[in-house]
Every structure is written in structure tokens, then in C-alpha cells.
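Letter by letter, the chains look like this.
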Amino acid sequence: MVEIRLENLRKTFGEVVATDEVTMVLEEGELSTLLGPSGCGKTTLLRLIAGFYVPDRGTIHFDDKEVTGVPPHKRNTGMCFQNYALWPHMTVADNVSYGLKLKRVDGMKYTKGAIEKRVNTALGLVHMEELGKRHIHQLSGGQQQRVALARALVIEPGVLLLDEPLSNLDAKLRLEMREEIMRIQSELSITTVYVTHDQHEALSISDRVAVMDLGYVQQFASPREIYSDPQTVFVADFIGQCTFLDGVIQSVGEYIDVTLPDGQAIKGRTTIEGYPFEKGEAVKCAFRPEDLHLQQMDPSDNKITGKVTRTIYIGNGLEVYFEVGGVSAQSLLDPDLDMKAGDSITLFAPHREVMVLPLGGVEALRKVPGHPMATGKMPSMASNV
Amino acid sequence: MTASEEDPVEVQEPSAIDSEMVPDSIRDSLTSSIRSAPRRFSSWTSGKVRSSGSWVKGGITRFIGFFRNPVANSRQAASQIRTRSKSGWRQLRREMDSLTWVQLIGVIAVFALFLIIPLLSVVWTSFTDSDTGVFTLQHFIRLFNDSNIWPWVYNPVTGNTDFFANLTPAIYDPDLNLLVIYGWDLGGVLNSIYVAILVTIFSVILGVFFAFIVARYDFFGKKVIRTLLIFPILATPFVGAIGIKEFLGADGFINKLFEPIRDILNMVLLPLGAPIPAIWLRGLAAIIFVQSLSFFSLVYLNAYSSFMSIDPSLEEQAENLGAQGLGLFRSVTFPLAMPGVQAGAILTFILSIEDLGTPIVFQDHVSARNTLAFQVFNNVATQAGGLDPKGPTIGILLLVFALVGFMAIRKYTALRSYDSGTKGGQWNPRTRRISRKATTLLYCLLVPLLFLALIPQVSVIVLSFAGTWSTDSLLPDVWTLDNYQVLWAYPDVTQSIYLTLIYGAIATVVIVLLGASAAYLIARRDIPGKTALDLLVTSPIALPGIVIATGYFTLFYNTPIFPVGGPAFLIIMSYTVRKFPFTVRAAYAGLMSTPVVLEEASQNLGASRNRTFFKITMPLIGVSVLAGSLLSYVYSVSEVSTSLILGSVGREQAPMTFWTAEILDMTGQYGGANNAACLGVLMMALQMAVITVTTKILGARSSAITGI
Ligand SMILES: Nc1ncnc2c1ncn2[C@@H]1O[C@H](COP(=O)(O)OP(=O)(O)O)[C@@H](O)[C@H]1O
Ligand SMILES: [Mg+2]
């Protein structure tokens, strides 16, 4: 098992900055996801780890060994490419045994029998043991996916790298394979980096998720934390639904007092430990649809008033869209509620359900003392735990 | 990673793992890889390289025997190749990167030595005074005072500019009712240009027509038509010209064929004073005819692959918006196919201007001698001792035309070189079944055109089997195999056949060794100067062979690599350089249609770049390289211009094409067109065999590669 440490990585292609200032530790046996919209630099980061690119700046360590300049074939990573990259001129078994035939441990190589045994075991792991003699073009998409996985796993890589491995599969197969990958990963407990642009996939399989945008890792945390404590506006927006209201800070205490442009006052919490909010700072107040309620729980709850613009019945709830000071807000309410466009509406949100986020994305994070964005160094062990 | 109980892949105890591992000795891995891989494609590839390695060895040894005075340099080159193939194979597999360097340097060295420097030396010779070495434009001035080259000649005596052109393109002989057409004679420069332009126009019309019909319509007998259309690709205009010359004569097959019709019509027309005459094509007119019928296949191939790669939805969209028929063709289809057509057209232009074989066959009329290619030949090949700068100077003119054309091709082909890479999914090209009636109509058009297109091949074949042939008979009176005795009547001719095959084979081996590597560098490695390398290795397609051969004379004549009477080594090198682009382009196309991730996946699993190249890349592009090398071979074997020029100073070492020209020129028992045609048939049979194999291997892809 391998711990991967990325420190202040940057990779550019000519003018394009594909990824920058990436500092993170992927722990032994952990399944981490790189999540973000298309073009945000996920593949670039993965390929930096695999060794297909050399970073312009920064270092990569596998455990204590620096591998930044090590060529791909000496890194012992197993990669599953997005389009599988199975060799059409070889059978399934040939594809899977390829890496084993090359593998040397202390100058020793595997015997023919050992290779065969291991190939069978690996194919068994992905439920493909019967199909070793087949050619690649005789396989379905899901089967190809499995072969690619077996090929990467059979060499017992220290690191498993998966680049959108399920994006070419239909919905049902995708769920199946997702389970399969999770099962195998936890059985073998290989440090795994998984690239996807699908937030459901990311949240459901990962130990931790790195949300990326414009080449930066905006936040790297557990799925729960990513959803409940997003550190940037982008993360809050990208994961789940969220309504943002502009505001200006009135005062900073246990909670933060914010005034909206139309005069309404809102109290919320910060999600970034240690961020130095200041009075008068422009911020965004963010809340999830399910955190707005019709009933007031506590007299001090935030009160938000607006005009309903649209309602959508979705079975287990009623999505109510309403306008607050020119901004469209979204709430998820009781499906039995009778409400229609034009009605005025008043909703309540407890203080801890409203998130006050600084503007400026990752730039804001640089103001947090000890944050990797500020130091370009590994987070201290304390904040890592 | 170490073994652990929870790890299902790693179920063994550490000691058990030890027994699964054996020491990694190189010999073991070699023998085991040989033993374990026989049925796999990869081993086929390594086997191919291996066997070609030993082939080189054998071939070289045999080839050395043919040198009268074994030449130090060529022996050294041979032993280099031998050493490489013998001891180098092991390192080759492990040290591909360093080998890549060797091959990169090899490519550059070969091209510098046998292309760039000879061309520069031609430039040098034509711009300097041969006695003093001082820069001068004198040679050009003299050239443009030669009425064979340029029609407007200043006369210092009268102070006038005299005009020497022959502006009568034909003579009519009323007694024989014979119209002899030979074209306008405006001097070499203008002749070559207007001939090339007309040839290009005719080729484009014919080529685009055939390409469109074959690419877009399904009809009864299409397979046959497609097969027949492969034949013109074989037509080096030189071979075709031998047959056509006889067929186009005053009493030739064509005139005989139409004589009955003409006689009937003339019964009516003669009283009116306008009879239809028999036609005899000579000189430039004959060159235009022959070249058009040979080179249209280039346009055909390029246009065909363009038509096939047009996304059908583009045309469907236009139809959906109301375009149809000719309008659709003019507004959408043709513009989309334009890059291919243009590339084919420009290539036709270049090849027409540098073609030496056809003027030589038709040199009995003065206008055919007044072409640039012939003038170079005439001024270089005949006086090899002290070289008259006139040859190189005319060569410069040719070179300029060729280079301009080449740059234009690069511009157009660049647009489509990524076709296979970017278009993603495959589609079914739009073909339309046409009705029985339309098919009949189509055949009324196709049959005469095909007949025309196949005249070069058919006439050569007929000629080779013709015995006595009385002047008033359509076909030979007697069919015979006797003509073929020429193949062993002269030892030099027999040997030239053998030599030609060997020259081509050696050149092809060198081309494959260097070409696959060059393509790999261009397609996969991010090295500086990549574009220049690409330009360098594809340019020979456009560079006139006669100019290169001229360079060999100005640079190497009377040195160890080109001793008096010993052109063999340079013949091989000229084939290598000139036919290099076919293999590079094929290998490049193969690489472009092979996703890079397939190679990356291999590296990811622990294979070095070198190993990846041999285990993954080569098997995947092997077929393309094979096809390209077969083409290189075919075109080497049928090469005319350098063969004729270099062969003329070493007849014992001259290749087949040289002897074809010689025999055509000879009189006596084994001389003349019938015997020359036998060599032509042999050549075509050889080409046909290789092309058939290539098409078999490649299927539909072959057209994309044979088309430049
Ligand atoms: N080989 C390359 N050459 C040039 N630009 C590249 C290359 N690879 C990626 N990029 C650019 O870098 C950015 C990040 O790309 P990528 O890592 O592939 O994103 P993702 O995988 O998240 O979709 C994009 O803007 C892309 O255009
Ligand atoms: Mg990607």
C-alpha cells in the first residue's frame, strides 16, 4: 500500500494552465475521487500521478520515495483508461498477462504457471474467468471494462488509477460496476484515485472527494463534509442544489450577521475554520433547498420572504422556486402543500443551516492560516486527522 | 506491494511466491519469448524484422558479387547493416531509445547525403562558372538563348528578338487522309508547362469522374470496374508509352479500329470536302495522351478516398435543404472532396513535368525532345565525363516547379491528414443503387472511357505477344512467345531483371528500417524540428528524379561511391530516398489511427518505451508499414528517371527500366517495341502481384495510402 503525497503541483500546456497548486495527501488504502466539470484538470492530475506528464513545478511522493521524474513504467501504478485501451491484437488473457510478464521483483520474474494462475485469479475477481481466450472485439462494453480493471489489478499495483471508468456504460451497468470496483478496492485495499464528473458516483464510492475547478483543487474532504461544509461557492454549487444570496457582513460572532440588499437580515455559520471574516465584507449566503422550512422552530430562526415563481411536484416533495430580492431561490417542501406561482411565501432556516461563504473561490482560502492554498505545503497532521 | 492474507491475487505464502519466480536472465527471456509467442502477431512482426535482417545479409553478400571493383564505402555501409542486424537485435529490443537516435541520425544522414547535398550541388553548378567557381547567371542566360528551351531569342546581329516556336500543331496529308498531331512547340520551358497543365486537366476530369461513380453508385459489375481501375495505377507512363506509340501510329490499332466507321462516314463526307482523317499522335500530343491515361489514376485514388471520407450527414443535410443532383455535387460534395482532388492534381502536374520515360519513347519527333526532362537527360547522360552546366541549369527550373507544387500539396493534404484520427465513429459511405436503365446508360459512358484508360496496359501486352502484323490488319497476324526470348538473349538484360529486384529489395529494407522510425518520431515524439523532419522525408515524392540523379553526377562522379561504370550503390540510394515517402506515410497513417492510450497502457504496466514500441506499436501498425513498404518496392522497381541516367554510365549494373529503353532503341533480332514490351509486361506483372497482395492485406485502406 502506498501513500501518495502531491505538493504544489502545476502543469501547463502552452498557455493553458491545466492544473495548479495541487497539494494533497492520498492515504494508504483510501479511495479518493477527483470530481469536477469537464476540462477542470482531472485527467491531467491523474496522468501526473501515473507519470505520463512531468509537472512544471511541485513534487510527487509515493510513500517516502519521490517519483516526480520517474517514467511511467517504473511507478507500479495500475491505470484504467477512459476508453479501456485494450490491445486489439491480443486476447483477453494476453492483455491481462502483459504486465505480469514484465514484472520483476528483486531481479526475479514470474514463471509461466504463476502467470497463468494469477491471470485466472484476476479474471475471477472481475467475473470474467471463462472469457480469457476471447478477442477484445468479441466483448461487450461492460466486459471490456472488467478486463481493463483486471489488467490493472493483476500486477498488484501500489496505486490504482481510474479515469472515468464507467462513463461509457449504460446506467444499470454503471451501478453494477461501481459496486464491483468498491468491492475489489476494499478487498485489496489499494490506494485508489478515481476520476469522475458525476457527483453521485463520487459521493457514493469515495472515502474522500477532491472537487476541482479551473485546475485547482477547491476542497478535499469526505463526501459528508463536502456536502455539509463546502468551502467555496463553486463546491456548494457543484455538489447538490444550493441557493446563493448576496450580502454584506454586519458583525462576526459565533454566527455571522449578514444583510441582504433588500434589507433582510440573515444569520449563518462559516464552513471554513479560521477564515478571517470582516465587517463590511461582501459574501454569499448559501442554503440547501431541504433546509428551508415553513414552520419556525426557534424564534431566532432566519426568516426569508419572497414571491413564488414556479412549483414542481416531484413525488416525494414539492420544489418551490421563489424570488428574493431579484434572485431565484429554491426550496423543497411538503408535497401536499397547496402553493402556486404568485403567492408570497415566508420560510425559516436555522442559523446552522445557512452557510456564509467568502467570495473569490480558492483565492479566499489563501487567507486561512495553515491552509495548503496559503502555504503550498502539506496540511499539518492535526488538520489531516 | 507485499503478500498478505486478505489479498486474493496474492494468496501464496512468501516462500510459495519465491518458487513462482525465476531468475531473470536475458537469454531466458529471449528464448521464452520466442517459444511462447509463435501464434501471436507480435512475434510475426519480430520474425519479419529478423528474417529481413538475415535477408539483408544474404542479399548484401550476393549483391557485393556484382561489383566489379568492390567499393570501400558501400562495403562499409553493408557491413554496418550486417553488424546491426546480427549483434544488434538484442540491444534493439532493450535499447530502442538509443536506437531511435541512431535511426534519426540515419534518416538525416541518408537524406542529407543523397538528397539535400546533391540538390545543393546542382544549384551550385548552375550558378557558378565551372572554371573559376565564381557566381554567375551565365548558364541561365545561355539557356534562355537556346531556342530548344525558350522561343524568344535575342539576335545580337539584327538586334531583334527572334521567335522560334512552331505554332502549327498538326499537318494534314490529303493523299493518305492522315492528320498528324504533334502539338505546339514553344521550347522546353513552355512545352513542359502547357503539357503538364493539359495533362492535369484531363487527369482531373477522368479521375474525378471515375472516383465519383465508384464512390457513390452501386451498380451491376461495379466490382469488375473497380478491379480494372487498379490497372492504371501500374502504368508507369514509360511502359505504357511503348505500347501506345505503336497503337497510335498511322497504321496503328486505333486507326484500324475506327477505319470501317470512318469509311462509311467518309462516303458522305468526302464529297463535301471534309473527310474524317486517320489520326497519328506524335511528339507532345502523344505525351499528353499517354501521361493523362497514366496519371489520372492518382487523381482517381485521391478523389476516391476523399469522397469516401465525406460525412454522409453533410450531404443529407444539403439534400434536406433542397439541393440535389448536380447542384448538390457542385455545392457540397465536390468542395468537400476538393483537398483530395487538389492534391492529386498537383501531384499529376509535378509528375508530368518531371516524367522522362514518355519523351524518350516519343523522341523521334522533335517536339518531344523539347521538354525540360528530356533536355536534362540529354545534357547529363550523354557526356558524363566533363559535365556541361546546362543539364543542372535546366534541372533547377524543374526543381523550382516541383518545389512550388510540393508546398501546395502540403498545404492541401495537411487539411486531411488527421481524417482518420478525428472523425471518431465509422459511417457507411453513401452509395446509391441505380436503376437498370441508368446502369445501361452508365456503361455506354464507362466502357469507352475504360477502354481508353486501359490502352496503355492492353497495348503493351498485345505488342509483347505480336508476331508478324501486316499493316492492314487490326490485330497481329501471328501470336507468338518468341519476343520473350529477349529476356535471356542478352546477359545484361537477364542480369538487369535480377538486379532490379535486388536493388528494390535493399532499398525497401533500408526504407522500412528508417521509415518506421521516422514516422514514429513524427507522430509520437515531441521533438524540436519535427515539422522539418516531416517535410524532409515526404518531399522526395515531388522532387524530380532526374535532378537528383544530376546531383549525383555533379557531386559523386568518379568517387568511390560512384566509380566510373559502377552506379549500383547510387541507384539503390536514389530508390531509397525517392520511394521513402510511401512507407513513411503508411506508417504515419497507421500511427494516427492507433490511439496513444494503447501505448500508454503498456508503459503503465511496466513496459519501457522501447518494449512498448515492439510489443504494442509495431504489431498495431505492422500492416500499414508492410503495405507502405510493398508500395515503396513496386515504385522502386519501376523507377525510370534516375535509372536511365545512372544506368547510362554503367550498363552492366543498370536496372530493367534502363534496358527497356535500350531495347526499344535497338535494331536487330532482339530490339524494338515488341521486345521492349516484354520487359514492360514483366514489370506490370510484378507490380500487379505486389499491388494485389497489398490490397488483400489492407482492404479498403489501401486507397488511402496509395493515393498520395
Ligand atoms: N495534451 C494537452 N495539450 C493541450 N492542452 C491540454 C492537454 N491535455 C489537457 N489540456 C487542457 O488542459 C485542461 C484540463 O484538461 P483535462 O485534465 O483533460 O480535464 P478533465 O479531465 O478534467 O476534463 C483543459 O483545458 C484541456 O484543454
Ligand atoms: Mg478527462
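Criteria and cut-off values
Residues numbered from 1 in each chain as written. Chains lettered and ligands numbered in written order. Predicted model: local features only at pLDDT ≥ 70, side-chain atom pairs only at ≥ 80, totals over all residues. Heavy atoms only, no water. Helix = DSSP H or I, 4+ residues; strand = E, 2+ residues; numbered from the N terminus. Buried < 20%, exposed > 50% of the residue type's maximum accessible area, 1.4 Å probe, protein only. Contact = heavy atoms within 4.5 Å. Areas by Shrake-Rupley, 256 points an atom, 1.4 Å probe, with all protein chains shown as cover. Lys, Arg positive; Asp, Glu negative; His and termini not counted. Charge placed at Lys NZ, Arg CZ, Asp CG, Glu CD. Pairing = 2+ DSSP bridges. Axes fitted to C-alpha atoms, helices over the stretch in contact; angles between N-to-C directions. Near = heavy atom within 4 Å. Polar contact = N/O pair within 3.5 Å; in protein donor to acceptor, adjacent residues only side chain to side chain. Phe/Tyr/Trp six-rings, centres within 6.5 Å; stacked < 30°, edge-to-face > 60°. Lys NZ or Arg CZ within 6 Å of the ring centre and 35° of its normal. Core = buried A, V, L, I, M, F, W, Y, C linked by side-chain atoms within 4.5 Å. 1 Å grid on protein atoms, 1.4 Å probe; cavity = no way out; pocket = protein on both sides within 12 Å on 5 of 7 lines; lining within 4 Å. Points joined across faces, edges and corners; volume = space filled by probe spheres on them. Nonpolar A, V, L, I, M, F, W, Y, C, P; charged D, E, K, R; others polar. Expected span 1.5 Å × (residues − 1). Bend = angle between axes of the 7 residues up to and from the residue. Domains from an automatic or database assignment. Buried area = accessible area lost by both parts, 1.4 Å probe. Salt bridge = Lys/Arg side-chain N within 4 Å of Asp/Glu carboxyl O.

With that settled, consider the overall build of chain A. When its secondary structure is counted, chain A shows eleven helices and 21 strands. Along the first, second and third principal axes, the C-alpha atoms of chain A reach 75 × 45 × 35 Å. Out of the 385 residues belonging to chain A, those deemed buried represent 55%. In chain A, once contacts between residues fewer than 6 apart in sequence are set aside, the share between residues at least 24 apart is 67%. Approximately 16,300 Å² of chain A is accessible, and the part contributed by carbon and sulfur atoms is 50%. Taking the average place of the 39 positive charges on the side chains of chain A and the average place of its 51 negative ones, the gap between the two points comes to 8 Å.

Moving on, we get to the sheet that holds strand E3 (residues 31-35) of chain A. All names here are of chain A. The six strands are arranged E6-E9-E10-E3-E11-E12 in an open sheet whose pairing can be described as mixed. Each of the sheet's edge strands pairs with one partner strand only, and the pair in question is strand E6 (77-80) and strand E12 (216-221). Strand-to-strand twist of the sheet, defined as the mean angle between neighbouring strand axes without regard to direction, takes the value 15°. This element, helix H4 (residues 141-153), spans E6 and strand E9 (159-163) of the sheet and lies at about 170° to E6.

Time to look at the site of ligand 1. Residue and element names in this part refer to chain A. Close to ligand 1 lie Phe-13, Val-16, Ala-18, Pro-37, Ser-38, Gly-39, Cys-40, Gly-41, Lys-42, Thr-43, Thr-44 and Tyr-53, which account for all nearby residues. Between ligand 1 and Thr-43, the relevant distance is 2.5 Å, taken from an oxygen atom to a side-chain nitrogen or oxygen of the residue. In isolation ligand 1 offers 560 Å² of accessible surface; the protein chains occlude 61% of this area. Breaking the shell around ligand 1 down by element, the ones donating at least two residues are strand E2 (16-26) and helix H1 (42-50).

All names here are of chain B. Tracing the sequence through the fold places Arg-524 in helix H22 (residues 491-524). On the basis of relative accessibility, which here comes to 17%, the residue Arg-524 falls in the buried class. At 2.9 Å, the side chain of Arg-524 and the side chain of Glu-599 are in polar contact. With sequence-adjacent residues up to four places away left out, Arg-524 is seen in contact with Leu-591, Thr-594, Pro-595, Val-596 and Glu-599.

A few words on the packing of aromatic side chains. Under the counting rule described, the total for this entry stands at 31 aromatic pairs over all chains. Arranged with centres 4.6 Å apart and planes meeting at 70°, the rings of Tyr-520 of chain B and Phe-613 of chain B form a pair that is edge-to-face. Of this pair, Tyr-520 of chain B sits in helix H22 while Phe-613 of chain B sits in helix H27 (residues 609-637), and the two are 93 residues apart along the sequence. The class of Phe-613 of chain B is buried, set by a relative accessible area of 5%. Measuring from ring centre to ring centre gives 5.3 Å for Phe-553 of chain B and Tyr-557 of chain B, while their planes differ by 40°; the resulting arrangement is tilted. Of the residues examined, Phe-553 of chain B reaches a relative accessible area of 4% and is grouped as buried. On the basis of relative accessible area, Tyr-557 of chain B is assigned to the buried category, the value being 19%. Members of the aromatic cluster, joined through ring pairs, are Phe-114, Tyr-552, Phe-556 and Phe-569 of chain B. The aromatic ring of Tyr-321 of chain A is capped on one face by Arg-310 of chain A, whose charged end is 4.8 Å from the ring centroid.

Attention now goes to the nonpolar core. Grouped together as the largest cluster of nonpolar side chains are 178 residues, with contacts concentrated most on Phe-111, Phe-114, Phe-307, Leu-570 and Phe-580 of chain B. The dominant element in this core, judged by the number of residues it contributes, is H22 of chain B, at 17 residues. Filtering out sequence-adjacent residues up to four positions away, Phe-114 of chain B remains in contact with Ile-548, Tyr-552, Phe-556, Ile-561, Phe-569, Leu-570, Met-573 and Val-577 of chain B. Counting 78 residues, the second-largest nonpolar core is a separate cluster that includes Val-126, Ala-150 and Ala-152 of chain A together with Leu-598 of chain B.

So, about empty space enclosed by the protein. Residues and elements named next belong to chain B. Counted according to the given criterion, the structure contains three cavities of 30 Å³ or more. If you add up the space inside the second largest cavity, you get close to 80 Å³. In this structure, the second largest cavity is lined by 13 residues; those nearest its centre are Ser-192, Val-195, Gln-291, Ser-352 and Thr-371. Contributions of two or more residues to the lining of the second largest cavity are made by helix H7 (188-216), helix H12 (283-308) and helix H14 (325-354). Among the elements that take part in the lining of the second largest cavity, H7 stands out by supplying four residues, more than any other. Residues of the lining of the second largest cavity, tallied by class, amount to seven nonpolar, five polar and one charged.

Time to look at the sheet that holds strand E4 (residues 170-173) of chain B. All names here are of chain B. Spatial strand order, E4-E5-E7: three strands in an open sheet with mixed pairing. Edge strands, defined here as strands with exactly one partner in the open sheet, are E4 and strand E7 (278-281). Taken pair by pair, the neighbouring strands of this sheet meet at an average axis angle of 20°, ignoring direction.

This brings us to helix H25 (residues 568-592) of chain B. Residue and element names in this part refer to chain B. When the terminal C-alpha atoms of H25 are compared, their 36 Å separation across 25 residues agrees well with the 36 Å that a helix rising 1.5 Å per residue should span. Along its length, H25 shows its largest kink, about 45°, at Lys-579, and proline Pro-581 lies within four residues downstream of that point. Counting buried positions over the 25 residues of H25 gives 23, a clear majority of the element.

Another point: the domain arrangement of chain A. How big an interface is tends to be stated in terms of the accessible area lost upon association of its parts. Residue and element names in this part refer to chain A. Domain boundaries in chain A define domain 1 (4-228) and domain 2 (233-375). Each of domain 1 and domain 2 has a C-alpha centre, and these two points are 37 Å apart. Opposite the 18 residues of domain 1 that make contact, domain 2 presents 15 residues. Summed over both sides, the interface of domain 1 with domain 2 buries roughly 1,400 Å², with 62% coming from carbon and sulfur. The interface formed by domain 1 and domain 2 holds one salt bridge in total. One salt bridge connects Arg-366 with Glu-21, and the closest N-O pair in it is separated by 2.5 Å. Our count for the domain 1 to domain 2 interface comes out at six residue pairs in polar contact (both at pLDDT 80 or more). In terms of residues, the side of domain 1 that touches domain 2 owes the most to one element, E12, which gives four residues. Of the residues belonging to the side of domain 1 that touches domain 2, the class tally is nine nonpolar, seven polar and two charged.

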